[in-house]
Amino acid sequence: MKSVGTPLASPRPTETPAQALIPSWHRVAWSYAGGLAIALVPLLLLSADRFWLNILTYTYLFAGLAAAWNVLAGFGGQFSLGHGVFFAIGAYATGLLFMKWGVSPWLAILPAALASALIGSLIFLPTFRLKGSFFAIATLAFNEVALVFANYFESVTGGPRGIQIPFRAGIANMIFADPRGYALLMFGFMALALAVALVLRRSRLGYYLLAVREDEDAARAAGISVVRVKLRATALSAALTAIGGGLFAMYVRTIDPPTLFSLPDIGVKFALLSLIGGIGTVIGPVLGAFLIVPTESYLRALLGGSVPGLHLILMGSLMLLAALFMRRGVAGAVDALLERWRHRPRSGR
Amino acid sequence: MDALLHVLVIGMLLGGIYGLVSIGLNLIFGVIRIVNFAHGELVMLGMYGAYLVYSTMGLSPYVATLIVVPALFVIGIVLYRLVLQPLQTESSMQIFATFALLVIFQNVVLAFTRGEGFSVASGVAGMTLPLGEIRVTMSRLIILLAVTAAAIALHLFLKRTMLGKSIRAVTQDRQAARLMGINVERTFLITFGIGSALAGLAGALLSPIYTLSPGIGGNFILAAFAVVVLGGLGSVAGAYFGGLIVGLVEALAGFYVDPELKQAIWFLIFLAVLVVRPTGLFGQVGAEEIGFREQA
Amino acid sequence: MSTVTAAAGRPPGEPFLRVRSAVKRFGGLTAVDNVTFDVGRGEIVSIIGPNGAGKTTLFNLVTGQLKPTAGEVSLNGEVINALPPDQRARLGLGRTFQIAKPLVALTALENVMVGSFLHHRRLGGAEAKAHEVLNEVGLAHRAGIRAAQLTLSERRRLEVARALALDPSVILLDEVMAGLNPSEVGAAIALFQRLNTLGLTFLIIEHNLKVVRAFSERVIVLDRGAKIAEGNAEHILSTPEVVTAYLGSRRR
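Residues numbered from 1 in each chain as written. Chains lettered and ligands numbered in written order. Predicted model: local features only at pLDDT ≥ 70, side-chain atom pairs only at ≥ 80, totals over all residues.

Undergrad: How do you make sense of the overall build of chain C when you look at a structure like this?
TA: Along its length, chain C carries nine helices and ten strands. In summary, chain C has a C-alpha radius of gyration of 18 Å against a globular reference of 18 Å for 252 residues, a match within 12%. Counting only C-alpha atoms, chain C reaches 50 × 40 × 40 Å along its principal axes. Across the 252 residues in chain C, those meeting the buried criterion constitute 53%. Taking contacts inside chain C between residues at least 6 apart in sequence as the whole, the part at least 24 apart equals 67%. (Helix = DSSP H or I, 4+ residues; strand = E, 2+ residues; numbered from the N terminus. Rg over C-alpha atoms; globule rule 2.2 N^0.38 Å. Buried ≥ 20, exposed ≤ 12 C-beta atoms within 10 Å, placed from the backbone. Contact = placed C-beta atoms within 7 Å.)

Right under this line is the structure:
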C-alpha cells in the first residue's frame with residue numbers, strides 16, 4: 001500500500017485536482033435553469049386540462065414546501081413534524097392582512113414569513129437538545145396545540161369554520177381567474193425554495209448544518225455554534241413554509257384549522273415527500289412531490305367513489321414499500337447507481 | 001366540593017383509560033425507542049376484534065380479551081419482524097413507516113366496514129355503581145382496575161422473570177446487554193408483541209365505552225405519547241401514574257379553564273416536561289438518549 | 001504555502017496554554033486531581049500515563065467539553081473556563097478525538113471545508129484552503145471520496161486536517177497514532193514536525209513511547225488523575241516511578 005501516506009521531506013506544491021470536486025456556480029446555475037425548464041414542460045402541455053392543471057399546481061406547491069422542510073430536517077437532521085404550524089401562520093397572516101387591512105398578498109407574505117421565522121425560532125429553541133424521536137413528537141405536540149388554539153380563538157381565526165376569501169380576481173389580489181396563473185405562482189414558489197436550498201447547500205451555513213447533523217461534537221470542535229446554526233435553519237425553513245402557506249390560502253381561499261393542521265395532508269406530507277424523494281438532497285423533495293402528489297390525486301379520483309379508503313390503502317402501501325426498499329429515497333437510489341457505474345471495474349485491472 | 005369530587009373521579013377514570021392505552025406504548029417506546037404512530041390503530045384493532053367476537057360468537061367483550069389479546073400479540077410480532085426490524089438503523093424511515101401503517105390500518109377497516117359505526121353492548125359494562133353522590137359506570141371502573149392489575153403484573157414480570165430482566169437490561173444499555181449474551185433483536189420482538197397485546201387489551205376493554213370508528217385510534221395516540229413522556233420511559237409506574245395525571249389534568253382543565261382547551265393544556269404540560277425534564281417523572285433511561293449531556 | 005499562521009509577536013517559550021490546579025470530580029470519583037502545567041508557544045508537550053489516568057478527561061477540560069470542578073484553564077493569558085468548545089475552537093484551539101469523528105455523509109474535501117469555513121466565509125476560499133490542507137496531510141488524492149469509505153489511517157489524517165483547517169495556534173491530539181503502522185507513524189511525525197517549525201503548538205496524549213521520544217520536548221505523566229512527573233522526554237522515560245506506574249514493575 002505504498003500509495004498511501006508516503007513521507008514527504010518538504011511540502012508538495014498544491015496540485016490542481018483533475019476534475020472540480022465542487023461544481024462551479026456556473027454549472028449549478030445551468031443545472032438549476034435546466035431543471036426548472038423540465039419542470040415547466042407539464043405546465044405547457046396540460047394547460048388546457050383543469051383537472052391536471054390543479055394537480056400540477058399542488059405538485060409545484062408541495063415541491064416547494066417539501067424543499068423548505070428539507071432545509072431543517074434533511075440538511076440539519078432535525079426531523080420536524082410540526083411544520084404545519086409555520087404553514088398555518090403563513091396562511092392566517094396572509095389571509096388576515098388581506099381581508100382585514102386590504103394588504104396585497106404579494107406584500108403580506110413578507111411579514112407572514114417573518115412572523116413564522118420568529119415564532120419558529122422561539123418554540124423550537126428549547127427542543128433542540130432533544131434527540132430524534134423526542135424532537136419529532138415535541139414538534140408534533142406544537143402542531144396539536146396550535147390546532148386547539150386556532151379552533152379556540154375564534155375572533156382572530158374564525159374558529160373551526162375558518163376564514164373565507166371571496167373571489168375577487170386581480171393580480172394584485174393574488175387571485176387568478178385563469179387557473180394557469182396559480183400554476184405559475186406555485187411554480188415560482190418552487191423555484192424560490194429550490195434556489196434557497198441550492199444556495200444554502202453551497203454556503204457556510206449549509207456546511208455547518210450538515211456537520212451538526214452528522215456529529216455535533218465534531219461540529220463544535222470545528223468552531224460551530226450548534227444552537228445558532230439550528231436557529232438559523234429553523235428561521236429559514238419556517239419562513240419559506242409560511243410563504244407557501246400564504247400562497248395556499250390565496251389558492252383555496254379557505255383558511256381553516258382542520259385543513260392546515262392535518263398531519264396526513266400537511267405536516268407529515270412534507271416529510272413523506274422528502275423521504276421518498278431523498279431526504280438531505282436538494283432535488284429529493286421535488287422528485288418526491290412529482291411522484292407522490294399526482295399519484296395520490298389520480299388514485300383518489302379513480303378510486304375515491306368505489307370502496308371508501310381504497311386509494312389511501314394503496315398510498316399507504318406504496319409509502320410502506322418505499323420506506324422498506326428505498327431507504328435513501330429516489331435520489332439516493334439514483335446516486336447509488338451512479339456510484340456503481342463510476343467505480344465499475346475497468347478492463348485491464 | 002361535590003363538583004370537585006365529581007371532576008376528580010372523572011379524571012381518575014379517564015386517567016385509567018389513558019394509562020391502559022399507554023402502558024403498551026411506554027414499553028415499546030422505552031425499550032426499542034420506536035415512535036409507533038400506529039399504536040392507536042392497534043388499540044382500534046383490539047376494539048374491532050372485540051366487536052367481531054361479540055357479533056359472531058355473542059361473547060362479552062370482557063371474555064373476548066382472551067382471544068383479542070393473543071391475536072394482537074401475534075400481529076405485533078409480525079409487524080415488528082416485517083416492517084420495523086429492517087428499519088431499526090433508520091429512525092426517520094421507521095417513524096414514517098409506522099405512519100404508513102396507520103394509514104393502511106385505518107383505511108382497511110374503513111373499507112371493510114364501509115363507514116358504519118358499531119357498538120358493543122355488554123350487560124356488565126352498562127351497570128353503574130354508586131360512590132357516595134356519584135354514579136360510576138362499571139365499564140370505566142373495570143378499566144381502572146384493569147390498568148392497575150396490568151401495571152402490577154407488568155412490573156412483576158419485568159422484575160422477577162428472566163425475560164423481564166433482559167428487557168430491562170436492554171432498556172438501560174443495548175450494547176452492554178448484547179455483550180452479556182442477551183439476544184437484543186429477539187427481546188425487541190417480544191417486547192413489541194407484548195406492547196401490542198396490551199394495546200389489544202385496552203381496545204377490547206374500551207369497546208363498550210366508545211362507538212367504534214376506524215379513526216378512533218387518533219383520539220388516543222397523542223394522549224398516549226403525552227403520558228409516556230410525562231411518566232418517563234421504561235417505567236411501568238410512569239405509564240400508570242402518568243395516565244392518571246393526564247386524566248386528572250384534562251378533567252380539571254375542562255372544569256376550571258375551558259373544555260375547549262383541554263387538549264392544549266395537557267400538550268403544554270407534555271412540552272414543558274420534555275423541555276425541563278425529558279426523563280419524565282419516573283424515567284430511568286440514560287439522559288444521553290434524550291440529548292442531555294454535561295456541557296461547559 | 002503554510003497552513004498554519006505562525007505565532008506572531010511573542011518570543012518562544014512564553015506560557016501560552018496554562019492549566020492551574022485543575023480538578024474534575026464525577027460524584028465520588030476524582031478523575032483529574034489538582035493538575036498544573038504550562039505549554040509554551042511553539043512547544044510540543046506529551047501527556048502519558050496508564051489507562052484510566054485521566055488524560056482524556058484533562059483534555060476535555062482544556063477543550064471545553066467538560067467544566068472543571070475547580071481550577072482554571074487559560075489560553076494566551078485569557079481565562080477560558082466559561083467558554084464552550086466551539087468558542088475555544090474559534091480562539092485557535094484545535095483538537096482531534098480519540099475515536100475519529102468523520103462526517104460520514106460528506107466527502108473528505110467537504111469534511112475539511114467544515115473546518116476551513118471558519119476563516120474563509122465563501123465557498124471558493126474554503127474549498128481552496130481545504131485542498132491545501134488535504135495536500136499537507138497527504139490526502140489530496142482522496143478528496144472526492146466519501147468519508148465513510150476512508151481507511152482508519154485516512155480518517156485519522158482527515159481528523160487532523162479538519163483541525164488544521166481552522167488555522168489553530170495550538171492543537172490537541174488524542175492518541176492520534178493508535179492503530180497506525182510504522183510507516184504511517186513516520187509520515188505523521190514528519191507532518192507534525194513540519195507544522196511545528198511553522199509555529200504550531202502541540203499538546204498530545206500518546207501511548208506509543210517511541211513516538212513520545214521522537215516527538216516531544218516535554219512530557220507530563222499522569223497517574224490516577226494526578227501529575228506525578230514532568231520533564232524532558234529522555235529523562236522522564238527513564239525515571240523509575242514513571243516506569244513502574246506506566247509499565248508495571250517490568251522494564252520494557
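Undergrad: Explain the overall build of chain A to me, please; I cannot follow it from the model alone.
TA: What chain A contains, in helices and strands, is 15 helices and two strands. In terms of overall size, chain A behaves like a compact globule, its C-alpha atoms giving a radius of gyration of 22 Å where 349 residues would be expected to give roughly 20 Å. Structurally, chain A occupies a C-alpha span of about 75 × 45 × 40 Å along its principal axes. Counting every position in chain A, which comprises 349 residues, the buried fraction comes to 51%.

Undergrad: What's the story with the interface of chain A and chain B in this structure? I'm lost.
TA: When the parts come together, some accessible area is lost, and that loss is often what is quoted as the size of the interface. Listed per partner, the contact involves 38 residues of chain A and 40 residues of chain B. For the side of chain A that touches chain B, the secondary-structure elements that each account for two or more residues are helix H5 (132-152), helix H12 (263-277) and helix H14 (310-325) of chain A. Taken together, the residues of the side of chain A that touches chain B sort by class into 28 nonpolar, six polar and four charged. (Nonpolar A, V, L, I, M, F, W, Y, C, P; charged D, E, K, R; others polar.)

Undergrad: It is not clear to me how the pairing of strand E10 (residues 226-232) of chain C should be interpreted in this structure. Could you clarify?
TA: A regular strand carries its side chains on alternate faces of the sheet. For strand E9 (residues 218-223) of chain C and E10(C), the ladder comprises six bridges, and the chain directions are antiparallel. Residue pairing across strands places Ile220(C) opposite Glu230(C), the latter belonging to E10(C). (Pairing = 2+ DSSP bridges.)

Undergrad: Even after reading the chapter, I still don't get the interface of chain A and chain C, so can you show me in this structure?
TA: Taken residue by residue, the interface counts 29 residues in chain A and 38 residues in chain C. Mapped onto the side of chain A that touches chain C, the elements with two or more residues apiece are helix H8 (204-214) and helix H9 (216-221) of chain A. Tallying contributions element by element places H8(A) first for the side of chain A that touches chain C, with six residues. Partitioning the side of chain A that touches chain C into residue classes produces 15 nonpolar, six polar and eight charged.

Undergrad: Looking at this model, I keep getting lost on the confidence of the model for chain C. Mind explaining?
TA: Interpretation of the predicted coordinates at a detailed level should be avoided for regions scoring low in pLDDT. Residue and element names in this part refer to chain C. With 91% of its residues at a pLDDT of 70 or more, chain C shows a mean pLDDT of 86. pLDDT under 50 marks residues 1-11. Its contacts with residues more than four places away, or in other chains, come to 19 contacts. Confidence estimates for the predicted assembly give a pTM of 0.87 and an ipTM of 0.88. (pLDDT = per-residue confidence, 0-100.)

Undergrad: Whenever I open this one, the nonpolar core confuses me. Can you help?
TA: Soluble, globular proteins show a tendency: their nonpolar side chains are buried together. If you look at the biggest cluster of nonpolar residues, it comprises 296 residues, and the most contacted ones within it are Ala211(A) and Ala226(B). In terms of residues, this core owes the most to one element, helix H2 (residues 50-75) of chain A, which gives 16 residues. Ignoring anything within four residues of it in the chain, the contact list for Ala226(B) reads Val246(B), Trp266(B), Phe267(B) and Phe270(B). (Core = buried A, V, L, I, M, F, W, Y, C linked by C-beta atoms within 7 Å.)

Undergrad: Explanation requested: the sheet that holds E10(C) in the structure shown.
TA: What holds strands together in a sheet is hydrogen bonding between their backbones, with the strands either parallel or antiparallel. All names here are of chain C. If you trace the six strands from one edge of the open sheet to the other, you get E6-E7-E8-E3-E9-E10, paired in mixed fashion. Sheet topology places strand E6 (93-95) and E10 at the edges, where each strand pairs with a single neighbour. Averaged over all adjacent pairs, the angle separating strand axes in this sheet is 15°, with direction ignored. In this structure, strand E3 (residues 44-48) lies alongside strand E8 (residues 201-205), joined through four bridges in parallel fashion. Each bridged residue has a counterpart across the sheet, and for Ile-47 the counterpart in E8 is Ile-205. (Axes fitted to C-alpha atoms, helices over the stretch in contact; angles between N-to-C directions.)

Undergrad: Explain helix H4 (residues 91-113) of chain B to me, please; I cannot follow it from the model alone.
TA: An α-helical segment advances 3.6 residues per turn. Residues three or four places apart therefore align on the same side. Residue and element names in this part refer to chain B. Here H4 contains 23 residues, and its C-alpha end-to-end distance of 33 Å stays within 8% of the 33 Å for a straight helix at 1.5 Å per residue. Along H4, 18 of the 23 residues are buried, which leaves the element largely enclosed by surrounding structure. Of the residues flanking the end of H4, it is Arg-114, one or two places downstream, whose phi is positive at about 55°. (Expected span 1.5 Å × (residues − 1).)

Undergrad: Where do I start with the environment of Leu166(C) in this structure?
TA: When you line up the elements, Leu166(C) lands in the loop between helix H5 (152-164) and strand E7 (170-174). With 26 C-beta atoms counted inside 10 Å, the residue Leu166(C) sits in the buried group. Spatially, the C-alpha atom of Leu166(C) lies 31 Å from that of Ala226(C), the residues being 60 residues apart in sequence. Leaving out residues up to four positions away in the same chain, Leu166(C) has contacts with Ala222(A), Gly223(A), Ala89(C), Gly94(C), Gly115(C) and Leu118(C).

Undergrad: Can you help me understand the packing of H2(A) against helix H10 (residues 226-252) of chain A in this one?
TA: Think of two packed helices as two axes; the pair is described by the angle between the axes and how far apart they sit. Residues and elements named next belong to chain A. Relative orientation of the contacting elements H2 and H10 amounts to 165°, with a least axis distance of 8 Å. Classed by the angle they form, the pair H2 and H10 counts as roughly antiparallel. Crossing of H2 against H10: the hand is left-handed. The segment H2 lies against H10, with Thr-57, Leu-61, Gly-64, Leu-65, Ala-68, Trp-69, Val-71, Leu-72 and Phe-75 engaging Ala-233, Thr-234, Leu-236, Ser-237, Leu-240, Thr-241, Gly-244, Leu-247, Phe-248 and Tyr-251. (Parallel < 35°, antiparallel > 145°, perpendicular 65-115°, else oblique. Left-handed = near helix turned anticlockwise from the far one by under 90°.)

Undergrad: Help me out: how do you make sense of the packing of helix H7 (residues 179-201) of chain A against H10(A) in this one?
TA: Residue and element names in this part refer to chain A. With their axes 11 Å apart at the nearest point, H7 and H10 run at an angle of 175° to one another. By the criterion of interaxial angle, the relationship of H7 to H10 is roughly antiparallel. In this structure, H7 uses Tyr-182, Leu-185, Met-186, Phe-189, Ala-193 and Val-196 to contact H10, whose residues at the interface are Leu-240, Ile-243, Gly-244, Leu-247 and Tyr-251. Partitioned by chemical class, the residues of the contact of H7 with H10 number ten nonpolar, one polar and no charged.

Undergrad: Is there a simple way to explain helix H3 (residues 61-84) of chain B in this structure?
TA: In this model H3(B) runs just 30 Å from its N-terminal to its C-terminal C-alpha over 24 residues, more than 12% under the 34 Å that 1.5 Å per residue would give. Largest kink in H3(B): about 35°, centred on Ile67(B), with the proline Pro70(B) one to four residues after it. (Bend = angle between axes of the 7 residues up to and from the residue.)

Undergrad: How should the environment of Ala253(B) be read in this particular structure?
TA: Residue and element names in this part refer to chain B. You can see Ala-253 is positioned in helix H11 (residues 236-257). Since 21 C-beta atoms lie within 10 Å of it, Ala-253 is described here as buried. Taking C-alpha positions, Ala-253 is 7.1 Å from Ile-265, a pair spaced twelve residues apart along the chain. Filtering out sequence-adjacent residues up to four positions away, Ala-253 remains in contact with Leu-261, Lys-262 and Ile-265.

Undergrad: Even after reading the chapter, I still don't get the environment of Arg95(C), so can you show me in this structure?
TA: All names here are of chain C. Checked against the element boundaries, Arg-95 lands in strand E6. A residue is classified by how many C-beta atoms lie within 10 Å of it, and Arg-95, with 29 of them, is buried. Between the alpha carbons of Arg-95 and Val-243 there is a distance of 28 Å; along the sequence they are 148 residues apart.

Undergrad: Just checking my understanding: could you explain unusual backbone geometry for this structure?
TA: What is expected of a backbone is that most residues other than glycine have negative phi and most peptide bonds are trans. Residues other than glycine seldom take positive phi values, yet Met174(A) does so here, at roughly 55°. Structurally, Met174(A) is set in the loop between strand E1 (163-164) and H7. Classification of Met174(A) by C-beta neighbours within 10 Å gives buried; the count is 23. With a phi angle near 50°, Arg224(C) is a residue other than glycine that sits in the positive phi range. With respect to the helices and strands, Arg224(C) occurs in the loop between E9 and E10.

Undergrad: Could you clarify how one ought to interpret the confidence of the model for chain A in this entry?
TA: Residues and elements named next belong to chain A. Scored by pLDDT, chain A comes out at a mean of 88, with 93% of its residues at no less than 70. Taken element by element, chain A is modelled with least confidence in helix H15 (residues 329-342), mean pLDDT 82, and with most confidence in H10, mean pLDDT 97. Between residues 1-19, whose pLDDT stays under 50, and residues either more than four places distant or in other chains, the model counts 21 contacts.

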